[in-house]
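# Descriptive analysis of the structure
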Amino acid sequence: MTLVGLEERQRFIRLIHRNLNLEEFLGAADRSLARLIEFDSSCWLSLDPSTLLPTSHFTREVASDHLMELAANEFLEDDVNKFADLARASRPVGILSQATHGQPLESPRFAHILAPHGYGEGDELRATFRVGDGVWGCVAVHRRVGTFSERDADFVAEVSGYIGEGIRRAVLATGLAAGNGHDSPGVIVLRGDDTLESMTPSARRWLFEIVDATGVNAPVPLVVISLADKARQAFVGTTDEVAAIRVPRKSGGWLLVHAALLEGDDLGFVAVTLHPANQPEIASLIVEAYGLSKREREVTRLVLAGLSTEEMADSLHVSIYTVQDHLKAIFAKVGVHSRRELVAQIFLQHYAPRLETGSGVMPAGQAL
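Residues numbered from 1 in each chain as written. Predicted model: local features only at pLDDT ≥ 70, side-chain atom pairs only at ≥ 80, totals over all residues. Heavy atoms only, no water.

## Details of the pairing of strand 7 (residues 196-199)
On a regular strand, each side chain points to the face opposite its neighbour's, so the side chains alternate between the two faces of the sheet. How we decide: The rule for pairing is simple: two strands pair if DSSP sees at least two bridges between them. Runs of H or I in DSSP of at least four residues are treated as helices and runs of E of at least two as strands, each being numbered from the N terminus.
Pairing of strand 6 (residues 186-190) with strand 7 involves three bridges; the strand directions are antiparallel. If you follow Leu190 over to strand 7, its bridge partner there is Leu196. Between strand 6 and strand 7, which pair antiparallel and follow one another directly, the connecting turn spans five residues, one of which, Asp194, has a positive phi of 70°.

## Let's talk about the confidence of the model for the chain
Note that predicted coordinates carrying low pLDDT should not be read in detail. To keep it simple, the criterion reads: pLDDT is a per-residue confidence score from the predictor, ranging from 0 to 100. Any two residues whose heavy atoms approach within 4.5 Å are treated as being in contact.
Predicted confidence across the chain gives a mean pLDDT of 83, with 84% of residues reaching 70 or more. Highest mean pLDDT in the chain belongs to strand 3 (residues 93-95) (98); lowest belongs to strand 11 (residues 360-362) (43). Here residues 359-368 scores under 50 on pLDDT; set against residues more than four positions off or in separate chains, the count is 23 contacts.

## Digging into unusual backbone geometry
Residues other than glycine seldom take positive phi values, yet His101 does so here, at roughly 55°. Position of His101 relative to the elements: it lies in the loop between helix 5 (96-99) and helix 6 (108-114). With phi around 60°, His317 is a residue other than glycine that occupies positive phi space. Considering the arrangement of structural elements, one finds His317 in the loop between helix 12 (309-316) and helix 13 (320-334).

## Observations regarding the nonpolar core
Nonpolar side chains in soluble globular proteins generally cluster together in the buried interior. Let me state the cut-off plainly: What we call a nonpolar core is a set of buried Ala, Val, Leu, Ile, Met, Phe, Trp, Tyr and Cys residues that are connected through their side-chain atoms within 4.5 Å. We call a residue buried when its accessible area falls under 20% of the maximum for its residue type, exposed when it is over 50%, and partly exposed in between, using a 1.4 Å probe and counting protein chains only.
Grouped together as the largest cluster of nonpolar side chains are 35 residues, with contacts concentrated most on Phe25, Leu33, Ile37 and Trp44. Elements with a contribution of two residues or more to this core: helix 1 (6-16), helix 2 (22-36), strand 3, strand 4 (123-131), strand 5 (134-143) and helix 7 (150-175). Looking at this core, the element that brings in the most residues is helix 7, giving eight residues. Ranked by size, the runner-up nonpolar core spans 27 residues in total, among them Leu292, Ala305, Leu307 and Ile346.

## Some points on the layout of surface pockets
What counts is decided by this rule: Lining residues are defined by having an atom within 4 Å of a point belonging to a cavity or pocket. Those points lie on a 1 Å grid over the protein atoms alone, cavities being sets where a 1.4 Å probe fits but cannot get out and pockets being open sets with protein on both sides within 12 Å along at least five of seven lines. Grid points are joined across faces, edges and corners, and a volume is the space filled by probe spheres set on the points. Charged residues are taken to be Asp, Glu, Lys and Arg, nonpolar residues to be Ala, Val, Leu, Ile, Met, Phe, Trp, Tyr, Cys and Pro, and polar residues to be all remaining types, Gly included.
Considering only enclosed or pocket space, the second largest pocket measures out at about 640 Å³ in volume. Lining the second largest pocket are 32 residues; nearest its centre among them are Glu74, Phe75, Lys82, Ala84 and Val343. Listed by contribution, the elements that provide at least two residues to the lining of the second largest pocket are strand 1 (41-48), strand 2 (53-60), helix 3 (67-76), helix 4 (83-88), strand 4, strand 5, helix 11 (294-304) and helix 14 (339-357). Across the lining of the second largest pocket, the residue classes tally to 19 nonpolar, three polar and 10 charged.

## Here's the deal with the sheet that holds strand 6
The strands that make up a sheet pair up through hydrogen bonds in the backbone, lying either parallel or antiparallel. Note the following rule: All axes here are fitted lines through C-alpha atoms, helices being fitted over the stretch that makes contact, and every angle between N-to-C directions spans 0 to 180 degrees.
What the five strands build is an open sheet, ordered 7-6-10-9-8; its pairing is antiparallel. Looking at strand neighbours, the two that pair on one side only are strand 7 and strand 8 (244-248), the edges of this open sheet. Taken over all neighbouring pairs, the strand axes of this sheet differ in orientation by 20° on average, direction set aside. Looking at chain direction, strand 8 and strand 9 (residues 254-261) are connected through five bridges and run antiparallel. Its bridge partner lying in strand 9, Arg246 is registered against Leu256. Contacting strand 6, strand 8, strand 9 and strand 10 (270-276), helix 9 (residues 222-236) runs over the sheet at an angle of about 40° to strand 9.

## Considering the pairing of strand 5
Across the 10 residues of strand 5, 10 count as buried, placing the element largely inside the fold. Sheet topology note: the strand 1/strand 5 ladder contains six bridges and is antiparallel. What sits directly across from Trp44, in strand 5, is Val139. Here nine bridges tie strand 4 to strand 5, and the two strands are oriented antiparallel to one another. Following the sheet pairing, Arg126 is matched in strand 5 by Ala140. Taking the residues between adjacent antiparallel strands as the criterion, strand 4 and strand 5 are bridged by two residues, where Gly132 takes a positive phi near 65°.

Here it is in structure tokens:
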């Protein structure tokens, strides 16, 4: 059953198609979410879908120096509503007061971080944002007084997919500045009448990979034009579909293609982005730093995703003893003694520096 009204749902769909950068999108998502549920502060994170570790943050009424406290709680303490757990849940939303059965002080995060900073009579709602098999972001919102309701959680769950798609697109946009490498994204800009305005070399290369007979003689294939038209329809509210599609590549695998209106343009110009749909894997820098084997990388990825030893054994089709042997080898190479320390070590060495230097902090009063 749909709980979020058409107007509110359309607001999130429009955000997806506005071609915003990450900070702009998270700020707009924060304002849109505040129209659905009431909260006093928020902390948004983009996540590396390969590892579920934060890559950037955007906060309102939350001091930046509290982020490391929250990170320590997330990776090193037992607590409720961990983002890694919510990422695997059927409903990716959790309310702290419900998870603690009305005893929030049983949560170390509430007792040691939230309550001392003015939320002792309040509550926390957390959510993760999934697109397909990848989790691209998460949010924690807080009330200084009062608890969140099941209806609040349902509202957030219903729009979580839209927010995830918006974060994924905003993160992808940063890859466009990385040059024209073999797997770099490509961009096609179409005018309001669907004629070609511009195309990057990467986009031209990816077009040759699309199985579409109309692309032989036309500047761009029909699938691209159709997607641009859908983006325009979504932006004005005549459809609630997201302008995104996965198409097969001639050489095997898939391309992800999505469209968004260019910000500030009144003539219907649309940017269509194409990039390969690769299976997530742990960043090469982690492999280089610790010398992990292919199987050890697979085990590390599953640890970061929060799987138990038994679940890892099932996923890898090996015995739990084999998993334990791999874990021992990984711990020795990384210099840690537990899974928690492993996650914290990878976060602190490879993700925290980017998180601290790439922060976006919204000043109080600007969000609402």
